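Remarks on the overall topology
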Amino acid sequence: MNSELIPLMVVFPLIAAILLNLMHGKQRAVRIFGTVAMIVVLAVPLLTAYGSHLFGAHPVDDALPASKIVIPEINLAIEYSFAFLQKALVFLLAVIATFVVVSHTSNEKRVSGVYLSMIMLSIAAVSAVVMVNDIFNMFVFIEIATISQAAIVIAHGGADAYKAAFKYLVFGGIAGGSILFGIALLLGTYGVLNISDLHQAIGGSVGDPVVLTAVALLVIGWLFESGIFPFHSIKSNLYSAAKPDVAALLQTETKLMLVAIGIILLRLFGGYSNMTAVMLGLSIATMVFGAVMAMMQTDFRRLLAYSAVSQAGLVGVGISLGTAAGIAAGIFHAINDAIAMSLLFITVYFIYERAKTSDLTKLGGLLSKAPRLAFLQIIGILAVSGIPPFNAYQSEFRIIESTVAAGYPELGVLVILGTILTFVALMKGFYLTFLREETTVMALEKVRISNALPKVTLAALVILCLACIGIGLFPMPFYDRIADVALNVMVGW
Amino acid sequence: MEDRGSQQMRNLLAAVFLGIFSYFLIHSMFNFDIIPGTSYIYNLKGPLIAPNMVTVVLFDWRAYDTLGEAFILITAVFTTGILFGRGVLGGDVSQKDTTPVRPPTVVQKIFSAPLVFIIVALGLVLTLGGHITPGGGFQGGSVIATAFFLSVVVFGFKHNVFSISHHNLERLEGIGALIYLCLGLVGLAVSGYYLYNVGANIYPLGVGETLQELLKYPDSTNAGIIPYLNIGIALKVLSGFCTIATLLMGAEKK
Amino acid sequence: MMGVLEIIIEFVLMFAIIAGSIMALVQKDLMKMVVIIGFQGLGLALLYQRLLAADVAITQAILGSALIPGLIAITVFKTRRSEE
Amino acid sequence: MNGADVQVWSFVTAGLMFIVGLYAIVFMENLIKKVIGVMLIGDAVNLVLITSGFKPGGIVPIIGEELYNNASGLFQGFADQAAYSLPFALVLTNIVIGASTLAVLLGLTIKLYQRYNSLSVTTIFKEDES
């Protein structure tokens, strides 16, 4: 079943990136082409038929003598597969990216073509990681994603951004090296790179010391790309050094990579229970650490950054439970949380743009100046903290349910505890920004925060709000289809 | 004081983990057995396309990986550009060129100019013959970049042998990447598969004779579009490394 | 079959690569470090050649012994030469 | 000693290089040396791939005229002798990836030096150790 439009989801953003870079400096051209390109990026995942794509038309081959390979048939081409889950994730990424691009082209006086082209490159890379069914191709696009995310942060300028990017790239070097080392070990042992073939070749038995080392190395890569425990401070530094609107895109990308690489790991070594145990333990640690660190921050951007890391830990809990219900709940929470967290980041972006600061000791008394913003932000806070009727409630509830079903009720307690901590931390930020009296600093600097939000930002916030409420009220049509996908992940072991 | 204590504690912990990790890594390296797998089939069928198997794997079987890799270099070039002020938010920051301009000595002049030409010729040979002999787009491109390096070091950026501006380097890079992307799109348009090797057409997929002849490299081998992809990659690698080098050289020294 | 001499060459190369990377990291003078890194890259390229990877050996010879040391040398030149 | 021994010890060399690189990243004080550590990790992985493509007593995977002309249909004779080409191609990709990451890291090093006038990690990352 060949689906012709699949490569366009990656290739079109790449072409757009090249052209936007060439146009850099011509303001009008960049504005127009950026908007048009985003429309195409939004449309392609909706138009593409489900199926798979074999690059270079190379088919499946069975011409190998049995002494040369452990499975009867192997895929010769790089394969991408596209189904409901991939469609949902790629479209979500496109929506969040559209807000970032449009808010850049409409709010900034001088648009930067290079900056937009980096955003395009990161969209392409993450979409590829979501769809890929080939383990080396996954590595290549993970590297593109790492460098382009660092570049987006560098574009913000300043010493903090450089330091965050340096750390991110150095540890990204370790993670990339580990992933490729693991791939090399798997390629040497089984002789294939296609993930479905590897799944068949490994066949649920992980006993060989070489393969165990490969598992460990690939898990290190997963931990880095999703910002789980030993690497949590690197990701949160990155988010807080970026502009808050781009941080919304970065945290969405992180969650998609977490889901995509996590599912690949489960497909390959899902039968190996020590791996899922390690992943689960580190995810729990991230969730609790992140929430506690968020409580301690005095800067709204850093506070949100740590909350985002903590929520990624929660998604990791769902994925690494390894049961069909857990995987489905984890994926569902990744989508919900990406939406709700983006809502929060965009409200903070607005505050940051106008007040030129996000320091909680300086902000204050904004409720009378911007009541609509306060209302939207409180919706975001309630949604992230898992309070009904918003969307994250549905998924957090299911994660807790699946921890109990998997036989770890104490994990459910920890999840609830983490959620409460997140809620308290976010409410602290909300109180200090909106509810308390105006601080002298704000009064002195005469910050003009009027009620008139820019139209584009307002539209983005309203769409995200509606998505939160809509999924919260009617989760089933969405969740059922994700649960089907999760069942397919489980096949074979 | 407490800070240093925690620092030492962390280092100790890191050292212990590194030790355990090294033990397992080396242990598994001693037990690593290889089976040929996919490579065997690539070697079995690859000579249908071109003699050099590594080039065939890079530009036909797994051409899409090579595309991704090309874009990593492009991303790195853009990122370095952003770092030194091109395209940062709130308007570009232009840099002063602080490369010290020294007039080259006679010996340098006599030796470096011919050397540059020889290196460039070697790069061209490596690129164009990449599908037959060891070599290819990466090698050729980086050899030419080395020549550029040499001429910039000797003659300075303004008066280098290539006399190519920043802006043209950028364009060259864009052109190289677009050659690759568009040849892939041709395959998608005529056969339904991205990066199908239209010129070689080893799985007859309804590609017209004229198009096949047009995209076939005039050569006794059956390489199809591989040499053109090689040229695109060479342009991109060449301009990528040159841009990075000039950007790093242009940084202010404090 | 390979002769004994050729195998000795390979073992010497492997030893030189490890020794080179450690020596580069303990140098106080960063310019010396760059030179050692260049030789280490060249050693790797020769080892690749011995391991039948001719294409990769060419790439590694150019990148590992000319371009990458060149870039590091520029960085050292733009910052400071000795470790503090 | 034979070709298989070379393969085993080459793997071990790669493993040692990986560890040296990790050590440099974790414990070295100077930014440029940390960057070198990243480069060493990349080289180590390349060496693993190259060695896993090595075939003791084999030939370089480029087909000669004689083997080409003697084959009928598929190239069985060549495939039985040649070293494995897929890992070599992956290495070429990884070398360029490594060089790109290195370039960005070196640029960042220059920028951080301009700001802090130092290459020492403790000086630069002082305040955000939390």
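In short, a report on the structure. Note that the coordinates shown come from a computational prediction; the quantities given were computed from them, not determined experimentally.

1. Examining empty space enclosed by the protein
Under the counting rule described, the total for this entry stands at 12 cavities of 30 Å³ or more. Here the largest cavity is characterised by a volume of approximately 350 Å³. As for the largest cavity, its lining consists of 30 residues, of which V38, G42, N94, I97 and G98 of chain D are closest to the centre. Listed by contribution, the elements that provide at least two residues to the lining of the largest cavity are helix 5 (135-154) and helix 6 (159-190) of chain A, helix 2 (30-50) and helix 3 (54-78) of chain C together with helix 2 (31-53) and helix 5 (85-116) of chain D. Residue composition of the lining of the largest cavity, by class: 14 nonpolar, 14 polar and 2 charged. Taken as a whole, the second largest cavity holds about 70 Å³ of empty space. Looking at the lining of the second largest cavity, the elements with two or more residues in it are helix 1 (8-23), helix 2 (27-47), helix 3 (84-107) and helix 4 (113-131) of chain A.

2. Section: the interface of chain A and chain B
Across the boundary between the two partners, chain A contributes 71 residues, which contact 57 residues of chain B. For the pair chain A and chain B, the two sides together bury roughly 5,400 Å², of which 73% comes from carbon and sulfur. Three residues stand out in chain A for area buried against chain B, namely I18, H58 and L76 of chain A, and they jointly supply 11% of the buried area on that side. Taken together, the links from chain A to chain B amount to 1 salt bridge. Here R62 of chain B makes a salt bridge to D134 of chain A, at a shortest N to O gap of 2.7 Å. If you look at where chain A meets chain B, you find 12 residue pairs in polar contact (both at pLDDT 80 or more). Mapped onto the side of chain A that touches chain B, the elements with two or more residues apiece are helix 1, strand 1 (51-54), helix 4, helix 5, helix 6 and helix 8 (209-226) of chain A.

3. Some remarks on the pattern of salt bridges
Residues and elements named next belong to chain C. In this structure the tally under the stated criterion is 6 salt bridges over all chains. The partner of R50 in a salt bridge is E10, with the nearest N and O atoms 3.0 Å apart. Of the two residues, R50 is situated in helix 2 and E10 in helix 1 (residues 4-26); the sequence distance between them amounts to 40 residues.

4. So, the pairing of strand 1 of chain A
All names here are of chain A. Covered by surrounding structure in strand 1 are G51 and H53 together with S52 and L54, the residues of both alternating faces. Where strand 1 and strand 4 (residues 79-82) come together, 4 bridges link them in antiparallel fashion. Each bridged residue has a counterpart across the sheet, and for G51 the counterpart in strand 4 is F82.

5. Focus on the arrangement of the chains
Most contacts, compared over the 5 pairs of chains touching, are made between chains A and B. Nothing in chain A touches chain C; the tightest C-alpha to C-alpha distance between them is still 15 Å.

6. Brief notes about the packing of helix 5 of chain A against helix 6 of chain A
Residue and element names in this part refer to chain A. In the contact formed by helix 5 and helix 6, the axes pass within 9 Å of each other and the chain directions differ by 175 degrees. Judged by the inter-axis angle, helix 5 sits roughly antiparallel to helix 6. Judged by residue contacts, I135, F136, M138, F139, I142, E143, T146, I147, Q149, A150, V153 and I154 of helix 5 engage A161, Y162, A165, Y168, L169, G172, G176, I179, L180, I183 and L186 from helix 6. Partitioned by chemical class, the residues of the contact of helix 5 with helix 6 number 18 nonpolar, 4 polar and 1 charged.

7. Remarks on helix 7 (residues 166-191) of chain B
In a regular helix each residue adds 1.5 Å, so 26 residues correspond to 38 Å; helix 7 of chain B covers 38 Å between its end C-alpha atoms and thus fits that length. Within two residues after helix 7 of chain B, G192 of chain B carries a phi angle of roughly 90 degrees, on the positive side.

8. Quick word on the packing of aromatic side chains
Residues and elements named next belong to chain A. For the structure shown, the criterion picks out 28 aromatic pairs over all chains. Seen from their ring centres, F55 and Y80 are 5.0 Å apart, and the 80 degrees between their planes marks the pair as edge-to-face. Note that F55 is positioned in the loop between strand 1 and strand 2 (60-61) and Y80 in strand 4, a separation of 25 residues in sequence. Under the relative-accessibility criterion, F55 is labelled buried at 2%.

9. Let's talk about a nonpolar patch on the surface
Residues and elements named next belong to chain A. A cluster of nonpolar side chains, namely V292, M295, M296, I416, I420 and V424, defines an oily patch on the protein surface of about 490 Å² accessible area. Looking at the nonpolar patch, the elements with two or more residues in it are helix 11 (273-296) and helix 16 (409-435). Along the polypeptide, V424 turns up in helix 16.

10. So, the interface of chain D and chain C
In this complex, chain D contributes 46 residues to the contact, which on the side of chain C involves 41 residues. In total, chain D and chain C occlude about 3,900 Å² of area from one another, counting both sides; carbon and sulfur atoms represent 81% of this. At the surface where chain D touches chain C, the tally comes to 0 salt bridges. There are 3 residue pairs in polar contact (both at pLDDT 80 or more) connecting chain D and chain C. Those elements giving two or more residues to the side of chain D that touches chain C turn out to be helix 1 (3-27), helix 2 and helix 5 of chain D. The element that contributes the greatest number of residues to the side of chain D that touches chain C is helix 5 of chain D, accounting for 11 residues.

11. Comments concerning the nonpolar core
Counting residues in hydrophobic clusters, the biggest one holds 346 residues, and the most contacted among them are Y80, L186 and F269 of chain A, Y64 and F71 of chain B together with I72 of chain C. The next biggest cluster of nonpolar side chains, apart from the first, holds 10 residues, and it includes L321, A329, L411 and V415 of chain A.

How each quantity is defined
- Residues numbered from 1 in each chain as written.
- Chains lettered and ligands numbered in written order.
- Predicted model: local features only at pLDDT ≥ 70, side-chain atom pairs only at ≥ 80, totals over all residues.
- Heavy atoms only, no water.
- 1 Å grid on protein atoms, 1.4 Å probe; cavity = no way out; pocket = protein on both sides within 12 Å on 5 of 7 lines; lining within 4 Å.
- Points joined across faces, edges and corners; volume = space filled by probe spheres on them.
- Helix = DSSP H or I, 4+ residues; strand = E, 2+ residues; numbered from the N terminus.
- Nonpolar A, V, L, I, M, F, W, Y, C, P; charged D, E, K, R; others polar.
- Contact = heavy atoms within 4.5 Å.
- Buried area = accessible area lost by both parts, 1.4 Å probe.
- Salt bridge = Lys/Arg side-chain N within 4 Å of Asp/Glu carboxyl O.
- Polar contact = N/O pair within 3.5 Å; in protein donor to acceptor, adjacent residues only side chain to side chain.
- Buried < 20%, exposed > 50% of the residue type's maximum accessible area, 1.4 Å probe, protein only.
- Pairing = 2+ DSSP bridges.
- Axes fitted to C-alpha atoms, helices over the stretch in contact; angles between N-to-C directions.
- Parallel < 35°, antiparallel > 145°, perpendicular 65-115°, else oblique.
- Expected span 1.5 Å × (residues − 1).
- Phe/Tyr/Trp six-rings, centres within 6.5 Å; stacked < 30°, edge-to-face > 60°.
- Patch = residues over 30% accessible without salt bridge, like charges linked within 9 Å, V, L, I, M, F, W, Y side chains within 5 Å.
- Areas by Shrake-Rupley, 256 points an atom, 1.4 Å probe, with all protein chains shown as cover.
- Core = buried A, V, L, I, M, F, W, Y, C linked by side-chain atoms within 4.5 Å.

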